[in-house]
Amino acid sequence: MTSLSSAVALPSSCRARPAGGSRRARMVVTAAASSPKLPNGRRLRVAVVGGGPAGGAAAEALAKGGVETVLIERKMDNCKPCGGAIPLCMVSEFDLPLDLVDRKVRKMKMISPSNVAVDIGRTLAPHEYIGMVRREVLDAYLRSRAQSAGAEVVNGLFLRYEAPKEPNGSYVVHYNHYDSSSSNGKIGGEKRSFEVDAIVGADGANSRVAKDMGAGDYEYAIAFQERVKIPDDKMVYYEERAEMYVGDDVSPDFYGWVFPKCDHVAVGTGTVTHKADIKKFQAATRLRAKDKIEGGKIIRVEAHPIPEHPRPKRVSGRVTLVGDAAGYVTKCSGEGIYFAAKSGRMCAEAIVAGSANGTRMVEESDLRKYLAEFDRLYWPTYKVLDILQKVFYRSNAAREAFVEMCADDYVQKMTFDSYLYKRVVPGNPLDDIKLAVNTIGSLVRATALRREMEKVTL
Amino acid sequence: MAMATSTFSPRPATLNKPLRAGIQLHLIPFPHLRAGRLVCATAAGEAPPVEVEQRDEAEPAPAAASNGAAVKAEAPAAKTEPPPAPAPVPAFRDDRWVNGTWDLTKFDKGGVVDWDAVIDAEARRRKWLEDYPEATNTDEAVVFDTSIIPWWAWMKRFHLPEAEKLNGRAAMVGFFMAYFVDSLTGVGLVDQMGNFFCKTLLFVAVAGVLLIRKNEDIESLKKLIDETTFYDKQWQATWQDDSTAGPKN
């Protein structure tokens, strides 16, 4: 399974390859001899809608590959509501400068419904951490890199696109152009349009590109978060520590969290099935962390949908989706930043390869190659997290067992390995069997206690 | 093993038990519960008898001793409507709960630890915290791990009665079926066991008794099978459509 990690490294080598007629890239993308060379030697034009991690990474990879790229973003200083956690591999794969990372979380506390607290992070090596970033900082950085690579970054609101009339025709993108003086993305705007050969929809959970292409809907969770500025002495506790609270009071199908940000903490929770009760869940989360955030001031309240699974359709003609717009958020942890950036980059690389560095037209099959590669690379990760969510977020009993399991060193090592490096590595089989036995034991005990709990009347 | 099945059967999404913290003011028998507990604790050092009768008398005691006072870390000009201020909730207290774990010396019964009492105490604690969630405390972190209770204690208490029940059912069904088949075909018990069809029936009967304890279990099993493949189907949805024709719209 270590081949997965080497496969992760391959796209950068893919980028460095020189242009040529039709040559085989490692991703087995061949510029089809049938796809025509673009007329008048013009380059392929692609619109990337949305300037978050997915859009920024896609635009950069496209521009580097010789494709004429336009990145449309509606709000250049957008503070997207987000947990803001990025895995270690993202820092290295995307060459992120370390000053982007506000905090390095090395300790996590998992807290069960009955407040059993387990510290995880003992098994981390000194150089390993979970990076906490501010989205406005990260997004702006990736966009600026795309711009330096040659992409045109436009401040505007995507309205809709029109499909081409004939097979190799152009898409027409309509958007509201905001001039640089009104960069908050709200005021006015002048309707403009331009023609492109392909569209990459990176506009997030409420994607308009997805709507236009009929991609279908997904179930989504609502994540609700309050940013709380707590006194300095309380902030010391959260210096390198994040907390996760599980319990029916905090969320029936997700978890509540306290994540440290640059100079404040984010306290939040989320749910798929009981969205109307989100405020109650938030109050419960605050209650559980009460002593540790007491005296804090709420500086911001924010909420955002989080997709639970990919949209039924992720490509249609020469329009495709990446990131949250496609629905690439894992279950159990709700992680999306890395997969957004990675999918953006992989999609761009597929377009670059399929168009022979921007000289030929791309087709839907080239975009499907990106989907196939992404699914192949990350399906094990998504499936494992789905199983974990189904088994351990079911009920308070299961959550108690979950927290109990997290105390085990082997579990911690496996969890962090798979999170930080995005590879599902099967460990030592004997340890796996022991882990399976311990898991079943924990679940059985917790369920047995649950039965006893039902008999108790307080 | 007897419990494993029910773990995996999907729970109905009846999350309508409200946040107990404070909303059910009238159900908190605060002073009475405390009094009762003190009395019994001193008497026998064991889990006090639960009090059910005094629920209608509501006398929210001053929040002095509890940590549930409704002080929220909120700015005065709250952007969200403040949650209903919870009434003082009684914190979980038990003589045998020391430093975030159960003090096993307090569960002494004739020289050995009374594991049944530990299980009862932990069940009660979890129930309490489920109904009245508490703030976590870094100074008094809860570190109790249920694996400290030996496996045979769990087995004796939970598995054995269930196993007895299931074996009893299997025996009754088995005896009747053996008699029935014998009366119909004249094949005796020993010869029945040698027959492939009978062995298959036996296997089905055993599996049925193990997996299906209540009528609802049949539905749960069907739903479970769907659940395991649902996520896969969602991921493969984009490969289902055959149309590589022009895009929509």
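Preceding this paragraph is the structure being described.
The following refers to the structure shown. Computed from a predicted structure; not experimentally measured.

Reading the values: the criteria
The residue numbering used here restarts from 1 in each chain and proceeds along that chain's sequence as written. Going through the entries in the order they are written, you letter the chains from A and number the ligands from 1. Local features in a predicted model are, by the rule used here, given only for residues with pLDDT of at least 70; side-chain atom pairs are given and counted only at 80 or more, and totals for whole chains, interfaces and linings are based on all residues. Water and hydrogen atoms play no part in the side-chain values, which are based on all heavy atoms of the structure. When DSSP locates at least two bridges between a pair of strands, those strands are taken to pair. Where helices and strands are cited, they refer to DSSP runs of H or I of at least four residues and of E of at least two residues respectively, numbered from the N terminus. Each residue's exposure class comes from its accessible area (1.4 Å probe, protein chains only) as a fraction of the maximum for that residue type: buried when under 20%, exposed when over 50%, partly exposed otherwise. Cysteine sulfur atoms are paired as a disulfide whenever they come within 2.5 Å of each other. A carboxyl oxygen of Asp or Glu within 4 Å of a side-chain nitrogen of Lys or Arg is what we treat as a salt bridge. One less than the residue count of a helix, multiplied by 1.5 Å, gives the span that helix is expected to have. Here a polar contact means two N or O atoms within 3.5 Å. Within protein one must be a hydrogen donor candidate and the other an acceptor candidate, and residues neighboring in sequence count only if both atoms are side-chain atoms.

## Focus: the sheet that holds strand β17 (residues 315–316) of chain A
Residue and element names in this part refer to chain A.
- Spatially, β10-β9-β8-β2-β1-β11-β18-β17 is the arrangement adopted by the eight strands of the open sheet, whose pairing is mixed. Where the open sheet ends on each side, the last strands, each with one partner, are β10 (190–196) and β17.
- Where strand β2 (residues 68–73) and strand β8 (residues 152–162) come together, four bridges link them in parallel fashion. Bridging from a neighbouring strand, V70 pairs with E152 of β8.

## Concerning the pairing of strand β12 (residues 220–229) of chain A
Residue and element names in this part refer to chain A.
- In terms of burial, β12 is largely enclosed, as seven of its 10 residues are buried.
- Where β12 meets strand β15 (residues 265–271), seven bridges bridge the pair, whose relative direction is antiparallel. Within β15, the position partnered with V228 by the bridge is V265.

## Here we look at the state of the cysteines
Residues and elements named next belong to chain A.
- This model, assessed by the stated rule, comprises zero disulfides over all chains.
- Not engaged in a disulfide, the cysteine C406 finds its nearest cysteine sulfur in C332; these two sulfurs lie 8.9 Å apart.
- Using a relative accessible area of 7% as the deciding quantity, one classes C406 as buried.

## A few points about the pattern of salt bridges
- Within this structure, the stated rule accounts for 46 salt bridges over all chains.
- A salt bridge links R227(A) to E302(A); the nearest nitrogen and oxygen atoms lie 2.9 Å apart. Taken as a pair, R227(A) in strand β12 and E302(A) in strand β16 (residues 297–307) lie far apart in primary sequence, 75 residues in all.
- The buried category is assigned to R227(A), whose relative accessible area is 7%.
- Overlapping salt bridges bring together K331(A), K383(A), D386(A), K390(A) and D232(B) as one network.

## Quick notes on helix α7 (residues 196–211) of chain B
- The end-to-end C-alpha distance of α7(B) is 22 Å, a good match for the 22 Å that 16 residues give at a rise of 1.5 Å each.
- Between the side-chain oxygen of the N-cap and the backbone nitrogen of F197(B) there are 2.7 Å, and the N-cap of α7(B) in question is N195(B).

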